[in-house]
Structures are given as C-alpha cells and as structure tokens.
Amino acid sequence: MLTFGEVHTGLLQNSTSLPWDATAEVLNLLVGEQVRRSERPMAYAVSPNLLTSVDCRLPAASGKVIRGVGTVVSRASITGGHVAQGSGHAVVVKSTANRRLSWSHYLTRPGTIEAIGKAVGGDIARGFAGASQPMGTLDLGAISGRTLDAVQRSTRLDRHPPFRTQRTHMRWVVTPTDEPGVEATGTFRVATPTLRVLELVVPREHVGAIVDLCEDLALHDWLLTTLLALMESSLTGPGTRAQRIARLRPAIDTLLHLWMPAARVDEAVQPVWQSLERRPGFTRQWEASVSRIRDQMTLGTLALLESATA
Amino acid sequence: MLIFATSDKGGTGRSVTSSNILYRSALQGSDVCYLDFDFGSPTSGAIFNIPTTLHGTTQGGLHSYLHGMVADPQRLEIWQESDRSSLRSRPPGAGRLVLLPGDSGGGEFPITKENTERCARLFLHLEEEFDLCLVDLSAGRSYATEMVLAATANEALRNIRTRWLVFHRWTRQHVLAASGLVYGERGILHTGENHGHDREELANSLRFVRTAVVNPDSPELEGLRPAQIAWLRDVDRDLSELASSRKVGRTLLLGSIPLDPVLQWREQLISDNDVWSRRIANRETLEQFDSLAKKIVDDAAWETL
C-alpha cells in the first residue's frame, strides 16, 4: 500500500570528528550484530536494524480508525564523524485476517505493519504527511527520536559539541506506482522550522532504495538548515567583523566539507534528488551560503591586511 | 548547561527571579529554555504572558511527558507566543527563549525508574540545543528535586555542567530553612549522595540567591526614622552572622535581588522599558538580573573556595 518513515538528524555531541573505533562502539545498539561502514566518498557508519513492535491506530486523514499491527525498523547512523541520524520506517500492507495474529507471524515480516479493517493507502499517506497527528496514533517520530537518543547518550561522547543546534525531522511517505516507464518523483515542503515533509511516488521495484535516499535528503536538509541558522546568529549579532567571522568558525570546521548530495543513493531513485535540486534547489542555496561565508572571510582578511600596512 | 532553581519555602520569588535571569540571558544572546518542574502549581505561563498556558498547559506538558503519555513535551517559543508586546518579537542578537510548561491540574508524583529515565533523556536532548536549561523546581524537599538528582547522577549526564541556585528571603526563618534544605536531613546534598553524587562536588555546584532584600543603606529608606534604620542594620548584621554560621553566607552568595514593588505585586518579567521609560521597576533590580545572568555561566563565580 505504502511505505512511510521519519528521520531525525542532529549534531553528534562530541567536540571533534568521532574516530572509527568510537563510532563502532556508539552504534553498537544490538549485541551480536555488526556495525556497517563505508569510507568513500565520506566516512559513514550505520547500526544494525532494530525492531519495535507496534499495535495501535494508524494516522488517517479522514479520521477513520485503522488498526495497525506489526513492526517498525529503525537504525542509527553517523556521517563524517559529526552528524547523527535516527531513522525509522515501515511498509503498510492490508492484513489478510480480520484480527490480530500471533506475534510469530509479524516477526517473520520485519518492518511490515498490517492494517486491519478497511484501509485506503492514500488516506493513511495524507494522514501521515499532515502537520499534526492525533494523539494515540502511531508516532514514528518517537521511535526515530529514541534511536537518535541512544546514540547521543553514549558515554563515548565527550558532550562538548562545537555549537548547539536543533534536530530536524524529515517525515516521508512513498506511494508505489505500477505504471510502466514512470520515474521516481517527489515534493518537499518545510512544514515547521524543524519538520519537513517529503511525499514520493516511486516505481514499485525501487521502493527498497528509498530509505537511503530519505536519510541522505534529511542529512543535507539539516546541513543547510544548520548553516543558515549559524549564519543568521553570527552575521546579525553584535560585534566587529572579526568577531562575527570568529563565530562562524565551528561551521567551517564541522559542516562545510560534508555536502555530498546523493553520494550513497541508488541510481534508480536519483531522479528524485535531481528534481529536488531544480526546486527547491538545495545545492544552489548551499553554494550561495558557502560563498557568502568565504566572502566575509575574504573581507575580514583584507581589513587585516589594510590595518597591517596602514 | 543545566541550572536547577529551588527554594526553601514557597513565596520566595524563585520562579519570577529565575524567569527574569533566563530572560536577560536570552537577551545577552544565549539560546535558553525554561522547564516548569513546579508540578503542584505550574505558573510559568503567567510570568511569560502566554494566554493559553496561564496555569499550565493541556497540550501534553512536562507531566504528560514524564508519565510517558507523549513522546515530547510541548514547547512554546516565547518570542512568538507571548501576548506582551515587549516580548512579542525577538530583539536583534537575542537567542531563543523557549518554555516547557507543566500540565494544568497536575500534581506532585513519586519518582520511579521510568520517569527518572525520561527526565534524563529530556535533559540530554535539550542540552543538544540550548546553551542554558533552567529547571524551576518546587519549593522545599520535593519529588521533583529527588527526580532531577537521580537523573543527573546518570552516567550519560556526567559531562554536562550542572549548577544549583537556592533562592531564599533574607529573614531568620528563611536562612534557617535554606540551610536545612541544602545541608539537613533528606536535604539536597544528602539526597544527592544517596543517588550517587559526590557530596563535595554537588556542594561546590550550589550557590544561594537572596530575594526581596531590603538594603539599609538604600536611598529609598530615607523616609524611615533613625531608630528604624539602626534596627534594620542590627538585624542585617545578625542575619549575616547567622547565615555564615549555617553555611549560607557571603562565600556562597551569587546575588541579592532588592525588594522591588513590581515583583511584589505582580510576578512578571521586567523589561528595559519598565525601568527606563515607564519607570515602574528599579534599575538595581534589572542590574542584578543582568549580573546574575552573566554569573551563572561565568566559571570564575563558581570557583571552589
């Protein structure tokens, strides 16, 4: 019927880029399972998948009571030693039975929630993508948030981050399509200062690649949001130009080198990134911001040179 | 950084003073949040002039969160939600000012492993975002105090800087009560030690703030008779002696808030406007708030003596 998920992204609570051995320990959330990692084009490590059992109402735009039973898959990841993410998702399918089955049934289908009763995919998708969800319905954000909390509370972190910043939440819904020749497409909107909603239509065979794509989008959206917030507080705050530039330092040290759109995303869903690059245009805004920071630094250097020669 | 505000008894002006300190801190450019842990009487909405939350919230506040009813407690951005004009827009250069209200109709509740764990998780989460989190506790020995002592003893919170402010009025009974709250049986140090804190470390992270203090040398007391002034001086000296014998003296004093009519008659934030244009509040009060906002984050003011 549909796949939905939520990704929470935040700054890892450590003063420096977290070394590999510590990363592996921080992400070791399940005993006996391996932490996977890759080094190119950027250090990236991901925890084993965790399962959370759920039996609750699913959000529905119509307000209809739809019961969902099954499991949500969640995982945590660390990118570039600085950015931590908690991500949870589930596939919703129609239940063949009209009642809850034994848990062994659901445990053989990890990451699948079976909707009991009359359920329409579009209704749930709209309910999930809405800005507010009624109390008592499935809260994927709570599962993702808790997964991220598990990383952030690790005692391997020194808890002296270079700056303080908000987490952002990316909620995403994928409706599969069976129409031949259709490319993956998506719409992105900023619902609140911290919540983003992504609605996607993807050919059925490529739905599996979507989780990586959404985590990648969430990462870049967080980078952009955080850079803009840092620039606003640094450049509009009081002080001389040198002081304002000094306040931008943590951004230069930790964020600027992490921008690498779609680096780990399956080719089949690349069109989504490309369409989001056209509108709203993440990279365009990122590059404009980075060049603004560099211009400020150049002006600061010029001022220093002038004062030295004067 | 986490700041816990507590007081020996009710009515010391703990909430209004700590709100004002936090407000000055936001104006100085820090991102700050205020957590209303006074579960019996959540009043912070009134101090920040949030019309929907005057006596706590119904939208899933801190009670609901600690009881596991909601995944995250409600947050109110003061610069957007307050209906007081001087708080309505964020002044240039100011940081974020966020209120986490208590639930209306809530009450004290005993601590459990679960709510202590949720409390620790909340502190860790807020610490990611804010330079300063001020937790306003109930007066006296309370479950809220015990819960935060248990939560901050958690290993994951070990590296987070934590400070305690104990507010008390400048009278004999209040000095004795403040001393009892900190050093006495089932006091803060005793309870902290039981939950795994180092007694000395905890004592070093604790300072006193005197509220509604009448200064015998203040020009405003010129109307008093000489006998009254002389008596005031005597009392002040006796109190100072009592305070130092009870370890509530000058060495552990972070600040004194003078008696101010605006704070006495209405708990509210004192804005620059109240002092400079409307002239209803005293300049000294504002200066004390400003200085306290700087001192709570200034390591020099917290050096071990």
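Calculation notes
Residues numbered from 1 in each chain as written. Chains lettered and ligands numbered in written order. Predicted model: local features only at pLDDT ≥ 70, side-chain atom pairs only at ≥ 80, totals over all residues. Heavy atoms only, no water. Helix = DSSP H or I, 4+ residues; strand = E, 2+ residues; numbered from the N terminus. Rg over C-alpha atoms; globule rule 2.2 N^0.38 Å. Buried < 20%, exposed > 50% of the residue type's maximum accessible area, 1.4 Å probe, protein only. Contact = heavy atoms within 4.5 Å. Areas by Shrake-Rupley, 256 points an atom, 1.4 Å probe, with all protein chains shown as cover. Lys, Arg positive; Asp, Glu negative; His and termini not counted. Charge placed at Lys NZ, Arg CZ, Asp CG, Glu CD. Expected span 1.5 Å × (residues − 1). Arc of directions from axis to C-beta. Axes fitted to C-alpha atoms, helices over the stretch in contact; angles between N-to-C directions. Parallel < 35°, antiparallel > 145°, perpendicular 65-115°, else oblique. Left-handed = near helix turned anticlockwise from the far one by under 90°. Nonpolar A, V, L, I, M, F, W, Y, C, P; charged D, E, K, R; others polar. Buried area = accessible area lost by both parts, 1.4 Å probe. Salt bridge = Lys/Arg side-chain N within 4 Å of Asp/Glu carboxyl O. Core = buried A, V, L, I, M, F, W, Y, C linked by side-chain atoms within 4.5 Å. Patch = residues over 30% accessible without salt bridge, like charges linked within 9 Å, V, L, I, M, F, W, Y side chains within 5 Å. Pairing = 2+ DSSP bridges. Phe/Tyr/Trp six-rings, centres within 6.5 Å; stacked < 30°, edge-to-face > 60°. Lys NZ or Arg CZ within 6 Å of the ring centre and 35° of its normal.

1. Things to note about the overall build of chain B
In terms of regular secondary structure, chain B is built from 14 helices and eight strands. Relative to the 2.2 N^0.38 estimate, which gives 19 Å for 305 residues, the radius of gyration of chain B is 19 Å and therefore close to what a compact globule would have. The principal-axis extent of the C-alpha atoms belonging to chain B is close to 60 × 45 × 35 Å. Within chain B, the proportion of its 305 residues that are buried is 53%. Here the contacts in chain B between residues at least 6 apart in sequence split such that 76% fall between residues at least 24 apart. Accessible surface computed for chain B: about 13300 Å², of which carbon and sulfur atoms make up 47%. Taking the average place of the 33 positive charges on the side chains of chain B and the average place of its 41 negative ones, the gap between the two points comes to 4 Å.

2. Examining the overall build of chain A
Helix and strand counts for chain A stand at eight helices and 10 strands. For a compact globule of 310 residues, the expected C-alpha radius of gyration is about 19 Å, and chain A comes in at 21 Å, within 12% of that figure. Overall, chain A is about 85 × 40 × 35 Å in size when its C-alpha atoms are taken along their principal axes. Here chain A holds 310 residues, and 53% of them are scored as buried. In chain A, 73% of the contacts between residues at least 6 apart in sequence involve partners at least 24 apart. Of the roughly 14100 Å² of accessible surface on chain A, 53% is carried by carbon and sulfur atoms. Charge separation in chain A, taken as the distance between the mean sites of 33 positive and 28 negative side-chain charges, equals 6 Å.

3. A short note on helix α14 (residues 283-295) of chain B
Residue and element names in this part refer to chain B. Given a rise of 1.5 Å per residue, 13 residues ought to cover 18 Å, and the 18 Å separating the end C-alpha atoms of α14 matches this to within 8%. Looking at α14, one finds that the buried residues are T285, L286, F289, L292 and A293. Down the axis, α14 shows its buried residues gathered within 125 degrees of arc, on one side only. Buried residues along α14 sit against α1 (14-27), β7 (206-213), β8 (253-258), α12 (261-265) and α13 (272-276).

4. Structural notes on the packing of α1(B) against α14(B)
How two helices pack is summed up by the angle between their axes together with the distance between the axes. Residues and elements named next belong to chain B. Between α1 and α14, the shortest axis-to-axis distance is 8 Å and the interhelical angle comes to 70 degrees. As judged from the angle between their axes, α1 and α14 are roughly perpendicular. Considering the relative orientation of α1 and α14, their crossing is right-handed. Touching T17, N20, I21, R24 and S25 of α1 are L286, F289, D290, L292 and A293, all from α14. Taken together, the residues that form the contact of α1 with α14 break down as five nonpolar, three polar and two charged.

5. Observations concerning the interface of chain B and chain A
Reports of interface size often rely on the accessible area that becomes lost once the parts have come together. The interface is formed by 18 residues belonging to chain B together with 19 residues belonging to chain A. For the pair chain B and chain A, the summed buried area comes to about 1700 Å², and 48% of that belongs to carbon and sulfur atoms. Our count for the contact surface shared by chain B and chain A stands at five salt bridges. Here R121(B) ties to D149(A) by a salt bridge, and the two come within 3.7 Å at their closest N and O atoms.

6. What to know about the nonpolar core
Residues L35(B), F37(B), F123(B), W164(B), I188(B) and F208(B) are the most contacted members of the largest nonpolar core, which totals 50 residues. Among all residues touching F208(B), those that are not within four sequence positions of it are V166(B), H168(B), A178(B), V182(B), Y183(B), K247(B), V248(B), L252(B), L253(B), L254(B) and G255(B). Counting residues in each nonpolar core, the second largest holds 45 residues, with V211(A), L213(A), L230(A) and L255(A) among its members.

7. Description of a nonpolar patch on the surface
Taken together, the side chains of L299(A), L302(A) and L305(A) define a hydrophobic patch exposed on the protein surface, amounting to about 270 Å² of accessible area. With respect to the helices and strands, L302(A) occurs in helix α8 (residues 282-309).

8. With respect to the sheet that holds β7(B)
Residues and elements named next belong to chain B. Judged by pairing direction, the sheet is mixed, and its eight strands sit side by side in the order β3-β4-β2-β5-β1-β6-β7-β8 without closing on themselves. Strands with a single pairing partner mark the edges of an open sheet, and in this sheet they are β3 (76-77) and β8. Looking at chain direction, strand β1 (residues 2-7) and strand β6 (residues 162-169) are connected through six bridges and run parallel. Considered in β6, the bridge of T6 is made with V166. On top of the sheet, helix α8 (residues 172-183) reaches β1, β6 and β7; it is set at about 155 degrees to β6, its chief contact.

9. Things to note about the pattern of salt bridges
Residues and elements named next belong to chain B. One pass over the full model with this rule turns up 35 salt bridges over all chains. Between R75 and E129 there is a salt bridge, with the nearest N and O atoms lying 2.9 Å from each other. Of this pair, R75 sits in the loop between α3 (62-66) and β3 while E129 is found in helix α6 (residues 113-129), placing the two residues 54 residues apart along the sequence. Of the residues examined, R75 reaches a relative accessible area of 30% and is grouped as partly exposed.

10. Overview of the packing of aromatic side chains
Using the criterion set out here, one finds 12 aromatic pairs over all chains in the structure. Centroid distance W273(A) to F282(A): 5.7 Å. Interplanar angle 70 degrees. Geometry classified as edge-to-face. Each member of the pair, W273(A) as well as F282(A), carries the same accessibility label: buried. Here F39(B) and F109(B) contribute two aromatic rings whose centre-to-centre distance is 4.9 Å and whose plane-to-plane angle is 40 degrees, an arrangement assigned as tilted. Separated by 70 residues along the polypeptide, F39(B) in the loop between β2 (32-37) and α2 (44-47) and F109(B) in the loop between β4 (97-100) and α6 bring together distant segments of the chain. What makes F109(B) buried here is its relative accessible area of 8%. Ring-pair connections join several aromatic residues into one group, and the members of that group are F4(B), F37(B), F39(B), F109(B), F123(B) and W164(B). The ring of W170(B) is capped by R210(B), whose NZ or CZ atom sits 3.8 Å from the centre of that ring. Between K247(B) and the ring centre of Y183(B), over which it is positioned, the NZ or CZ distance is 4.5 Å.

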